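Residues per chain are reported as follows:
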Amino acid sequence: MVLKELQHIFHIELDAIYGKHEVDSFFYLCTEHYLNVPRIQLTLEPGLAITKSETDTFFKVLEDLKQQKPIQYILGETEFFGLPFKVNKNVLIPRPETEELVDLIICSVTSLEVDKPVKILDIGTGSGCIAIALAKNLPNAKVYALDVSKEALKVAKQNAEINKVDINFIEASILNDTCHLAFEAESNFDIIVSNPPYVRNLEKEEIKPNVLDNEPHLALFVEDDNPLLFYKAITNFAIKKLKDKGSLYFEINQYLGEETQQLLVDANFEAIELLKDLNGNDRMLKGEKG
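Report on the accompanying structure. (Residues numbered from 1 in each chain as written. Predicted model: local features only at pLDDT ≥ 70, side-chain atom pairs only at ≥ 80, totals over all residues. Heavy atoms only, no water.)

## A word on helix H7 (residues 129–137)
Every α-helix carries 3.6 residues per turn, so stepping three or four residues along brings you back to the same face. The buried fraction of H7 is high, at seven of nine residues. When we look at burial in H7, the residues that qualify are Cys129, Ile130, Ala131, Ile132, Ala133, Leu134 and Ala135. (Buried < 20%, exposed > 50% of the residue type's maximum accessible area, 1.4 Å probe, protein only. Helix = DSSP H or I, 4+ residues; strand = E, 2+ residues; numbered from the N terminus.)

Dropping the structure here:
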């Protein structure tokens, strides 16, 4: 089948769901992933044809997209902070807002112009995107990454290998004593960072079906009556395991910025900053242990 004809079929079937621009984006991602054919080649060779088995692969992708399965899960990969990452149903798909959090930390560390090693802990690492991006961009960092999910850690370890970084992975829950025991022998951290579950059940109606029906709810949702559960636990952990003047970074629920900030105020953190993302939403919180 000629690829241009296949692209036309994608538009007929998917434009009503995603819009023309997004469908083009999906199609070109697929041609690069499955055929190693970049977008420019399609423009230069409009008559480019593919085999029946390759055509069948594209029709399988088409069906998955019609069911609103995320393209990242279909392809099994995505990009974060310019780095390649494997993803599957056991981990959240990395978001652009989280890149902003990583950039904030990198800029903060590099601005200090200190050559000494920096010890960092990423809590709820998922795909490992935060920990790995930090390790890749901060060569002096010793990075630890924690997650309660054994399956998520499998993905994170694979991503660390792909990106050639050394991460100390730990399977534990921040919500119970296993976490404290896991770090009993460790000296304190310079930085603790987390993008924990923060979407309340009452906000589910705002979540698109491709996220709601596919991404792991364990990593997304919290109960309406205790939405800051993870932030409280991580803050309490940070009080014990951050060095004096060490920094705590959170990605947060945009609707709960002030409430989350108050946790750090109550815990006597200093230099607290509530920061907005590129969309103007309260998204990042930073504090320094006093």
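Next comes the rest of the description.
## Comments concerning the sheet that holds strand S6 (residues 189–194)
Overall, mixed pairing links the seven strands, which are arranged S5-S4-S3-S6-S9-S11-S10 in an open sheet. If you trace the sheet from one side to the other, it starts and ends with strand S5 (167–171) and strand S10 (269–276), each paired once. Pairwise comparison of adjacent strand axes, ignoring direction, gives a mean angle of 15° for this sheet. Bridge count between strand S4 (residues 141–147) and S5: five bridges; the pairing is parallel. For alanine 145, the partnering residue across the bridge sits in S5 and is phenylalanine 169. Along the sheet face, helix H6 (residues 96–110) touches strand S3 (118–123), S6, strand S9 (242–251), S10 and strand S11 (282–289) and points at about 155° away from the line of S9. (Pairing = 2+ DSSP bridges. Axes fitted to C-alpha atoms, helices over the stretch in contact; angles between N-to-C directions. Contact = heavy atoms within 4.5 Å.)

## Quick look at the pattern of salt bridges
Scanning the entire structure with this criterion turns up 13 salt bridges. The residue aspartate 24 makes a salt bridge to lysine 20 at a minimum N-O spacing of 3.6 Å. Of the two residues, aspartate 24 and lysine 20 are both situated in helix H2 (residues 20–35); the distance of four residues between them amounts to about one turn of the helix. Judged by relative accessible area, which is 53%, lysine 20 ranks as exposed. Residue aspartate 190 pairs with lysine 243 through a salt bridge whose shortest N-O separation is 3.3 Å. Placement of aspartate 190 in strand S6 and of lysine 243 in strand S9 is noted, with a sequence separation of 53 residues between them. We classify aspartate 190 as buried; its relative accessible area is 14%. Overall, the relative accessible area of 32% leaves lysine 243 in the partly exposed class. (Salt bridge = Lys/Arg side-chain N within 4 Å of Asp/Glu carboxyl O.)

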